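# Examining the three-dimensional arrangement
Below, each chain spelled out in residue letters.
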Amino acid sequence: MNGGTLDVTAASRSISAPSDGRGIIMIQRCAVQTRDALVMNGGTLTANSDGTGIKVMGTLTMNGGTMTGKGSDYGVSSYEAMCMSGGTMTGEGVIVGVMISDTLTMTGGTMNGTSTGDAYYGIYIYNDLEMSGGTINAEGDLYGVFTGYNLNLQGGSITISGNAEMGVRCDVELTISGGILDVDGPVYAWYAINIGEG
């Protein structure tokens with residue numbers, strides 16, 4: 001997506017774009033779904049659903065523009081890695097605001113992830129969070145930001161608000177060599193927390 005505006009609200013049916021480019025099909029419980037990768041360079045994408053707002057079945061790359069997904073399950077969901085260098089992404093879901101099923105690499109832009117349910121996640125990252133720039137704002141009742149492996153903060157800022165039971169949880173190591181980590185709630189790492197100069 002390089003420009004323009006797409007605004008979709010769906011109850012039980014939604015828009016799905018096949019990777020072979022042969023038009024669209026109707027699916028359930030998702031406002032916007034891709035069959036493969038999504039690259040966003042500009043424009044505005046807004047999706048509201050009673051399931052998942054925006055579901056990307058491949059890698060999600062965001063270089064610019066504005067993406068907003070709201071759902072009763074997930075706000076924005078990427079089934080592979082996510083790379084963000086610019087633009088603004090906002091995900092709001094009852095279970096997870098922004099869901100990434102692999103690694104999040106962030107060099108710029110702003111990501112806002114909010115869970116509106118009890119005991120859930122603002123931003124859930126299955127693998128690593130590698131951050132050298134940009135801004136993350138997260139709010140969740142159980143976790144603000146959860147990573148299944150490592151969190152490596154080299155630059156940029158992460159802000160957790162809303163009195164989460166655990167502000168940041170990473171299941172391997174948390175390393176801070178630069179940037180800002182501002183957390184309302186405890187910070188947890190299974191193996192180690194490494195804080196260097198920065």
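The shown structure was predicted, so the numbers you read here are calculated from the model rather than taken from an experiment.

## Quick word on the overall build of the chain
Of regular secondary structure, the chain possesses zero helices and 26 strands. Counting every position in the chain, which comprises 198 residues, the buried fraction comes to 46%. Looking at the chain alone, contacts between residues at least 24 apart form 27% of all its contacts between residues at least 6 apart. With an accessible surface of roughly 8500 Å², the chain has 46% of that area assigned to carbon and sulfur atoms.

## Examining the nonpolar core
Core analysis: the biggest nonpolar cluster contains 37 residues, and Met67, Met89, Met111 and Ile136 have the highest contact counts within it. Those residues in contact with Ile136, other than ones at most four positions away along the chain, are Leu104, Met106, Met111, Ile123, Leu129, Met131, Val145, Ser157, Ile158 and Thr159. Val96, Tyr124, Phe146 and Met166 belong to the second largest nonpolar core, which has eight residues in total.

## A few points about the packing of aromatic side chains
For the structure on display, the rule yields six aromatic pairs. With a centroid separation of 5.1 Å and 90 degrees between ring planes, the pair formed by Tyr121 and Tyr124 is classed as edge-to-face. What makes Tyr121 buried here is its relative accessible area of 19%. Overall, the relative accessible area of 17% leaves Tyr124 in the buried class.

## Notes on the confidence of the model for the chain
Caution is warranted with low-pLDDT regions, since their predicted coordinates should not be read in detail. On average, residues of the chain carry a pLDDT of 87, and 89% of them reach 70 or more. Across residues 19–28, confidence stays below pLDDT 50; counting only partners more than four residues off in sequence or on other chains, it has 20 contacts.

## Looking at the side chain of Asn152
Along the chain, Asn152 falls in strand β20 (residues 151–153). If near-sequence neighbours (up to four positions away) are discounted, Asn152 is found in contact with Leu129, Glu130, Met131 and Thr175.

## Quick notes on the side chain of Lys55
Within the fold, Lys55 resides in strand β7 (residues 52–56). One buried charged side chain, Lys55, makes no salt bridge at all; its nearest oppositely charged neighbour is Asp73, positioned 7.9 Å away. Excluding its chain neighbours within four sequence positions, the residues that come into contact with Lys55 are Cys30, Val32, Gln33, Thr34, Ser77 and Tyr79.

## A few points about the sheet that holds strand β11 (residues 82–84)
The sheet built from eight strands is open, its strands ordered β5-β8-β11-β14-β17-β20-β23-β26 with parallel pairing. The open sheet is flanked by β5 (38–40) and β26 (192–195), the only strands paired with a single partner. Between one strand and the next, the sheet's axes are offset by a mean angle of 5 degrees, whatever the strand orientation.

## So, the pairing of strand β21 (residues 157–161)
Within a regular beta strand, the side chains point alternately toward one face of the sheet and then the other, so they alternate between its two faces. In this structure, strand β18 (residues 135–139) lies alongside β21, joined through five bridges in parallel fashion. Note that in β21 the partner of Thr135 across the bridge is Ser157. With four bridges joining them, β21 and strand β24 (residues 180–183) adopt parallel strand pairing. Residue pairing for β24: Thr159 is matched across the bridge by Asp182.

## So, the pattern of salt bridges
Oppositely charged side chains can form a pair if their charged atoms are brought close together. Applying the stated criterion to the full structure yields one salt bridge. Residues Asp171 and Arg169 are paired through a salt bridge, measuring 2.7 Å at the closest nitrogen-oxygen approach.

## Re the environment of Ser115
Looking at the secondary structure, you find Ser115 in strand β15 (residues 110–115). The class for Ser115 is buried, based on a relative accessible area of 8%. Here Ser115 is in contact with Gly93, Val94, Ile95, Gly97, Tyr120, Tyr121, Gly122, Glu139 and Gly140, once residues within four sequence places are set aside. Side-chain polar atoms of Ser115 contact the backbone oxygen of Ile95, separated by 3.4 Å.

## Some thoughts on the environment of Asn163
Position of Asn163 relative to the elements: it lies in the loop between β21 and β22 (166–170). For Asn163, a relative accessible area of 60% translates into the label exposed. Spatially, the C-alpha atom of Asn163 lies 8.8 Å from that of Leu142, the residues being 21 residues apart in sequence. Each residue touching Asn163, except ones within four places of it in the same chain, is listed here: Asp141 and Asp184.

Reading guide: rules and limits
Residues numbered from 1 in each chain as written. Predicted model: local features only at pLDDT ≥ 70, side-chain atom pairs only at ≥ 80, totals over all residues. Heavy atoms only, no water. Helix = DSSP H or I, 4+ residues; strand = E, 2+ residues; numbered from the N terminus. Buried < 20%, exposed > 50% of the residue type's maximum accessible area, 1.4 Å probe, protein only. Contact = heavy atoms within 4.5 Å. Areas by Shrake-Rupley, 256 points an atom, 1.4 Å probe, with all protein chains shown as cover. Core = buried A, V, L, I, M, F, W, Y, C linked by side-chain atoms within 4.5 Å. Phe/Tyr/Trp six-rings, centres within 6.5 Å; stacked < 30°, edge-to-face > 60°. pLDDT = per-residue confidence, 0-100. Lys, Arg positive; Asp, Glu negative; His and termini not counted. Salt bridge = Lys/Arg side-chain N within 4 Å of Asp/Glu carboxyl O. Pairing = 2+ DSSP bridges. Axes fitted to C-alpha atoms, helices over the stretch in contact; angles between N-to-C directions. Polar contact = N/O pair within 3.5 Å; in protein donor to acceptor, adjacent residues only side chain to side chain.

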